Amino acid sequence: MGMQGDWQAALERARAHAPFLARGLERQPDLTKLLEAGEGEAALVWALEQGTHDDAAIGLRRERLAYAVALAIGDLAGAFPLARVMEELSALADRALDRAIASVISKRVETGGTDGFIALALGKHGARELNYSSDIDPILLFDPESLPRRERDGPGEAAQRYARDIVKLLSDVTDEGYVFRVDLRLRPAAEVTPLAISRNAALSHYESSALAWERAAFIRARACAGDVEAGRDFLHAISPFVWRRSLDFNAIEDIGRLTSRIREVYSGPKVPGPGFDLKKARGGIREIEFFAQTHQLIHGGRNPALRQRETRAALDALAEAGIVSTDDAEGLGEAYDRLRVLEHRLQMINDRQTHSLPDGERLDAVARLDGLANGSALIEELAELTDRVGRRFDRLLETTTSPERARPVAEITAELTAADQDSAHRLATRIEGWLDGRYRTLRSSSALDAFRAILPAMVSALETAPEPDRALLRFERLLENLPSAINLFRLLDARPGLLDQMLRILAFAPPLADELARNAALLDTLIDRTVLDLPPPVQDIAAAMRRGDPAMPYERLLDRIRIVTGEQRFALGVQLIEAANDPLEIAAGLSRVAEAALQVAVEETAEEFARTHGRVPGGEMVVIGLGRLGGRALTHASDLDLVYLFTGDTATESDGGRPLGATLYFNRLAQRVSAALSVPTAEGALYEIDTRLRPQGTQGPLAVSVESFAKYQREAAWTWEHMALTRARVVAGPNDAAAEVDAILAEVLTSPRDATDLREAVLTMRAEMALHKPAKGPLDAKLQRGGLVDLEFLVHFLQLRDGIALTPDLAEACRSLARKGLLSDPQVEAHDLLTRLIVGARLLAPGLEMPAGRGGDILAEACGCSGPEALMTALGDARREIAAGWQSVLDETLEID
């Protein structure tokens, strides 16, 4: 039974308007019978069988002709959709290249095979989007170690012979026709390099001297023939060149030049009509492809979901990620499909690689082959379609090109601040001061040009900024600390929305502003749409921190941990400023990031340490997190409270070249782990590490055995140490050891206690703390009486007195105690408010004074209050609630000012 489609009408149109198809039908009567019967799938099987001729050159030509005719008729009949047609043509090219490689090698080496000879498909072939009469643009690589060759042939000489023979086998026109025209000019430095290049030479080129257009070309690259596995390995090796996770700001300018050049190099008719090029003209195929590829180049390094070869798939992924609008993705995708169909119609007429519309009767023939009435109908459709595409590409050009704007600063500021000429004058004077050579970052003409390009947008943003003077001051600090500002300005010019966001950071979050001044690469984080998403689970963050390459040096791994941690912490700070997530969730996110960093540091430092000292048989390191880390409630300013333990027999030695006793081994390893997390590297510092909560405090060893820890906690620990354990949990170490430590913690925390003695110890400790650590400001929600420390002491007293609500999560402990009637719901709410305030203030008010203006509003909003005054009222109410609990449970009155 035949396939759906109007096969007879398709055959009639082909015979009437497409001489190439008419000849193909006449030459292949068996194929024609299948097509007349509507047997499309059977026709493709028949076409495939034509390639089985012993002579590869003959077989491939016959297979190609049969496929071209069968696919064309199925396409015209409506039985084969565009995607199927392009995929079948691309698969044909894969088979042809693979057989050609095998054939030319076997003629020189009988037992050769194709190991060591790689064909990479680029362009439409790589994307599986080949057209009817397309060139293929492979890059041919070889591995000198595994390339089959005669003994007397050098690997380079053999590879060049194979490449020449492959091109000849596929491209020569014979009585049977041709297979594919082969263009090898996309290889590295094609004007000076041989046709086939060694793998290592190609790697060196892409790692050191490749151009922006080569990055764009490799978006759609895939290993298609020959040694496919080696080809995939090569593409994986150059992936960092194509998909740059940290955007090279100079690439913005390169991308702008590429997009502009799309239009500049085309000299044909600008609107549809005779001579109009469906591929290169305004609104044509290339503009749609480059629209997708430009966004992929900018964003694909940080979002692997965007690394799609196919044009439609890339547009859909960009829309899914929110980088382009759904309307743009759908409109461009539909236009792309239609233009590709018309491209096929042009090419199937005479099997020529043409994209230009003919004139007169030939234009009518194209239209009628497609099923339209005449050429005028085709031109009318194309005029509307290409204009829609062209307008979208116009917008892309506006965002990726930066014409120099050299108007005087005073003119720009006066124009944008017309309502207040005094403000305009002050702003102009201040900005002009930046251009007098004060900052080394603005001394070159290129830097000044790049700065002037963003100046109008910057002045406009400052006009609406609530604290323009503060933003300007920190921007000046950024200019002072940056080694170069030109790349920053180019990025801001390409993405104007980043400027507004950057000014908010500079105005309202001093710690983030300082980080940004130190490391402008953090602006990459703002480019990523996921900047407002909470961090993933610990294991996913840890995976991003670990070595991607087993050969990565330990020092670079420490940098990697700092890069990922810095980006995540910066993103969480942005979320706080933008009110994107609850500060309680941000605190939990900061904790996941720290836990991941700790786990990777422990794993990798232990591995590095073992290279010299081996491992202790039966021994493993276990790390306990306490305080805010244990409670999963870190702030941007938190240090990490850690206790290092180890399992196994303390009498054993490590098994390495320089053995150490178990206790010394794990103490030195703990020192290394602490250093891995705290010592600044080229990527900066990470965390302050506090180990004073270990057994015997600073007088005791840094790491103790699990048995010693248990004995100390049972027999010698002070009450305050058991209070600290209520927020303890294992944050790194093997599961069985973690379970053992958890059992010890549960035993210690549920041990019977005298309530009177416990109360006296709690009150004494809190009084000592109040004496030596008073509150530092009106927003010190931690140390003020009735603040979070008082709530913690109250909760820990109840936990130890009754052996209940034993979770390191203070919020959950409060809720558990409330369910038992030991705390009130308002006291639980007080915990949440105080924690939100602490998390927000560490970033927005590090001096613990209420920020002026919009900064105070942002802090209040983070705490769920309508404004600064409402926040201060809520803070007072929360403190009184906690004082009431203190009075009720501990029978002591707190003085609340």
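What counts, and where the lines are drawn
Per chain, residues are indexed from 1 in the order of the written sequence. The predicted origin of the model limits local features to residues at a pLDDT of at least 70 and limits the giving and counting of side-chain atom pairs to 80 or more, whereas totals for whole chains, interfaces and linings rest on all residues. Each side-chain value is derived from all of the structure's non-hydrogen atoms; neither hydrogens nor water enter the calculation. Strands are runs of DSSP state E lasting at least 2 residues, helices are runs of H or I lasting at least 4, and numbering of each runs from the N terminus. Think of it in three bands: residues with accessible area under 20% of the maximum for their type are buried, residues over 50% are exposed, and the middle band is partly exposed, with areas taken using a 1.4 Å probe on protein chains only. Note on contacts: a residue pair qualifies if any of its non-hydrogen atoms lie within 4.5 Å across the two residues. The Shrake-Rupley method, run with a 1.4 Å probe, gives the accessible areas here. Residue values count only the displayed protein chains as cover. The patches described consist of residues with a relative accessible area above 30% and no salt bridge, like charges being joined within 9 Å and nonpolar side chains (Val, Leu, Ile, Met, Phe, Trp, Tyr) within 5 Å. Put simply, a salt bridge is a Lys or Arg side-chain nitrogen that is within 4 Å of an Asp or Glu carboxyl oxygen. Residues scored as positive are Lys and Arg, those scored as negative are Asp and Glu, and His as well as the terminal groups of each chain are ignored. For the purpose of locating charges, the reference atoms are NZ of Lys, CZ of Arg, CG of Asp and CD of Glu. Consider the strands pointing away from the viewer: the crossover is right-handed when the path from the first strand over the helix to the second runs clockwise. Angles shown run from 0 to 180 degrees and are taken between the N-to-C directions of axes, each axis being a line fitted to C-alpha atoms and, for helices, limited to the stretch in contact. When describing relative orientation, an angle under 35 degrees is termed roughly parallel and one over 145 degrees roughly antiparallel, while 65 to 115 degrees is termed roughly perpendicular and anything else oblique. Residue polarity follows a fixed list, in which Ala, Val, Leu, Ile, Met, Phe, Trp, Tyr, Cys and Pro are nonpolar, Asp, Glu, Lys and Arg are charged, and the others, Gly among them, are polar. Stacked, tilted and edge-to-face are the three classes assigned to paired rings of Phe, Tyr and Trp, where Trp is represented by its six-membered ring and a pair needs centres within 6.5 Å; plane angles under 30 degrees give stacked, over 60 edge-to-face, the rest tilted. Lysine NZ or arginine CZ positioned within 6 Å of the ring centre and within 35 degrees of the ring normal marks a charge as sitting over the ring. Should DSSP find at least two bridges between two strands, the strands are taken to pair. In this text, buried Ala, Val, Leu, Ile, Met, Phe, Trp, Tyr and Cys residues form a nonpolar core when linked through side-chain atoms within 4.5 Å. On a range of 0 to 100, pLDDT expresses the predictor's confidence in each residue. The directions considered for the arc are those from the helix axis to the C-beta atoms. In protein, a polar contact means a hydrogen-donor-capable atom and an acceptor-capable atom, both N or O and within 3.5 Å, with residues adjacent in sequence counting only if both atoms are side-chain atoms; elsewhere, any N or O pair within 3.5 Å suffices. The span you would expect from a helix comes to 1.5 Å times its residue count less one.

### Quick word on the overall build of the protein chain
Secondary structure assignment for the protein chain yields 40 helices and nine strands. When the backbone C-alpha atoms are referred to their principal axes, the protein chain occupies close to 105 × 80 × 60 Å. For the protein chain, the residues scored as buried account for 56% of the 897 residues in total. In the protein chain, once contacts between residues fewer than 6 apart in sequence are set aside, the share between residues at least 24 apart is 72%. Accessible surface, the protein chain: about 37,200 Å² in total, of which carbon and sulfur atoms supply 48%.

### Quick notes on a negative patch on the surface
Taken together, Asp316, Glu320, Asp327, Glu330 and Glu334 make up a surface patch of like negative charges. Contributions of two or more residues to the negative patch are made by helix 15 (311-320) and helix 16 (326-350). At three residues, helix 16 tops the list of elements feeding residues into the negative patch. Overall, the relative accessible area of 69% leaves glutamate 320 in the exposed class.

### Some points on the environment of glutamate 480
With respect to the secondary-structure elements, glutamate 480 resides in helix 22 (residues 468-481). Here the alpha-carbon distance between glutamate 480 and leucine 442, two residues 38 residues apart in the chain, equals 9.8 Å.

### Focus: the pairing of strand 6 (residues 640-646)
Taking burial as the measure, the seven residues of strand 6 include seven buried ones, the bulk of the element. On strand 6, burial covers both faces: Leu640, Leu642, Tyr644 and Phe646 on one face and Asp641, Val643 and Leu645 on the other are all buried. Assessed by its sense of winding, the connection that carries the chain from strand 6 through helix 31 (residues 662-678) to strand 7 (residues 689-690) is right-handed.

### A short note on the packing of helix 28 (residues 554-577) against helix 38 (residues 825-844)
Where helix 28 meets helix 38, the axes come as close as 11 Å, and the angle between the chain directions of the two elements is 105°. As summarised for this structure, helix 28 and helix 38 are arranged roughly perpendicular, according to the angle between their axes. Of the residues in helix 38, those in contact with Gly573, Leu576 and Ile577 of helix 28 are Val839, Gly840, Leu843 and Leu844. Tallied by class, residues from the contact of helix 28 with helix 38 come to five nonpolar, two polar and no charged.

### Considerations on the packing of aromatic side chains
Tallying each qualifying case throughout the model produces ten aromatic pairs. Centroid distance tyrosine 206 to phenylalanine 218: 4.8 Å. Interplanar angle 75°. Geometry classified as edge-to-face. On the criterion of sequence distance, the pair formed by tyrosine 206 in helix 9 (residues 199-208) and phenylalanine 218 in helix 10 (residues 212-218) is long-range, its members being twelve residues apart. Here the two residues tyrosine 206 and phenylalanine 218 agree in accessibility, since each one is buried. Geometry around phenylalanine 80 places arginine 84 over its ring, the cationic atom sitting 5.1 Å from the centre. Against the face of tryptophan 886 rests arginine 785, its NZ or CZ located 5.8 Å from the ring centre.

### Let's talk about the sheet that holds strand 2 (residues 139-142)
Reading across the sheet, the four strands line up as 3-2-1-4 and stay open at both edges, with mixed pairing between neighbours. Only two strands of the sheet have a single neighbouring strand rather than two, namely strand 3 (196-198) and strand 4 (222-226). Between one strand and the next, the sheet's axes are offset by a mean angle of 35°, whatever the strand orientation. Two elements, strand 2 and strand 3, share three bridges in a ladder whose sense is parallel. Each residue of the ladder has a partner; that of leucine 140, found in strand 3, is alanine 196. The strands that helix 8 (residues 155-171) touches are strand 1 (117-121), strand 2 and strand 3; relative to strand 2, the one it contacts most, it runs at about 150°. Seen against the sheet, helix 11 (residues 228-237) touches strand 1, strand 2 and strand 4 and runs at an angle of roughly 155° to strand 4.

### Brief notes about the pattern of salt bridges
A complete count under the given rule lists 50 salt bridges for this structure. The partner of arginine 108 in a salt bridge is aspartate 153, with the nearest N and O atoms 2.7 Å apart. Of this pair, arginine 108 sits in helix 6 (residues 82-108) while aspartate 153 is found in the loop between strand 2 and helix 8, placing the two residues 45 residues apart along the sequence. Residue classification places aspartate 153 among the buried residues on the basis of a relative accessible area of 4%. Across the pair arginine 338 and aspartate 370 runs a salt bridge, and its minimum N-O distance is 2.6 Å. Within this pair, whereas arginine 338 is found in helix 16, its partner aspartate 370 is found in helix 17 (residues 360-370), the two being separated by 32 residues in sequence. On the basis of relative accessibility, which here comes to 19%, the residue arginine 338 falls in the buried class. Put simply, Asp75, Arg338, Arg345, Asp370 and Glu381 are held in one network by salt bridges that share partners.

### As for the pairing of strand 1
Most of strand 1 sits inside the fold, with five of its five residues counted as buried. Pairing of strand 1 with strand 2 involves four bridges; the strand directions are antiparallel. In the strand pairing of strand 2, phenylalanine 117 is matched with phenylalanine 142. As paired strands, strand 1 and strand 4 are joined by four bridges and run antiparallel to one another. Within strand 4, the residue paired with leucine 120 across the bridge is alanine 223.

### What to know about the side chain of lysine 279
Positionally, lysine 279 belongs in the loop between helix 13 (249-264) and helix 14 (285-299). Setting aside residues no more than four positions away along its own chain, lysine 279 makes contact with Lys124, Gly284, Ile285, Arg286 and His355.

### Points about the nonpolar core
With 172 residues, the main nonpolar core has Trp434, Phe451, Phe489 and Met502 as its most contacted residues. No other element matches the 14 residues that helix 29 (residues 583-613) contributes to this core. Those residues in contact with methionine 502 that sit more than four places away from it in its chain are Phe475, Leu478, Leu488, Leu492, Leu516 and Leu523. In terms of nonpolar packing, the next biggest core, distinct from the first, is built from 125 residues, Ala14, Ala100, Val324 and Ile349 among them.

### Section: the confidence of the model for the protein chain
Of the residues in the protein chain, 93% have a pLDDT of 70 or more, and the chain-wide mean is 89. When mean pLDDT is compared element by element in the protein chain, strand 5 (residues 621-626) scores highest at 98, while helix 19 (residues 409-416) scores lowest at 58.

### Comments concerning helix 1 (residues 7-17)
Where helix 1 is concerned, the buried positions are Trp7, Ala10, Leu11, Arg13, Ala14 and His17. The buried side chains of helix 1 occupy one side of the element, clustering within an arc of 165° when seen end-on. Seen from the open side of helix 1, the exposed residues pointing more than 90 degrees away from its buried face are Glu12 and Ala16. Taken together, the buried residues of helix 1 touch helix 2 (19-27), helix 3 (29-36), helix 4 (40-49), helix 5 (56-77), helix 16 and helix 17. Near the N-terminus of helix 1, the side chain that reaches the backbone nitrogen of alanine 9, with its oxygen 3.2 Å away, is that of aspartate 6.

### Things to note about helix 16
Taking 1.5 Å of rise per residue, the 25 residues of helix 16 would be expected to cover 36 Å, and the 38 Å separating its terminal C-alpha atoms lies within 8% of that figure. Of all 25 residues that make up helix 16, 19 are buried, and the element is covered over most of its length. Within two residues after helix 16, aspartate 351 carries a phi angle of roughly 55°, on the positive side.

### Some remarks on the side chain of arginine 222
One can find arginine 222 in strand 4. The class of arginine 222 is buried, set by a relative accessible area of 4%. In this structure the side chain of arginine 222 is engaged in a polar contact, spanning 3.0 Å, whose partner is the side chain of aspartate 94. A polar atom in the side chain of arginine 222 sits 2.9 Å from the backbone oxygen of glycine 126.

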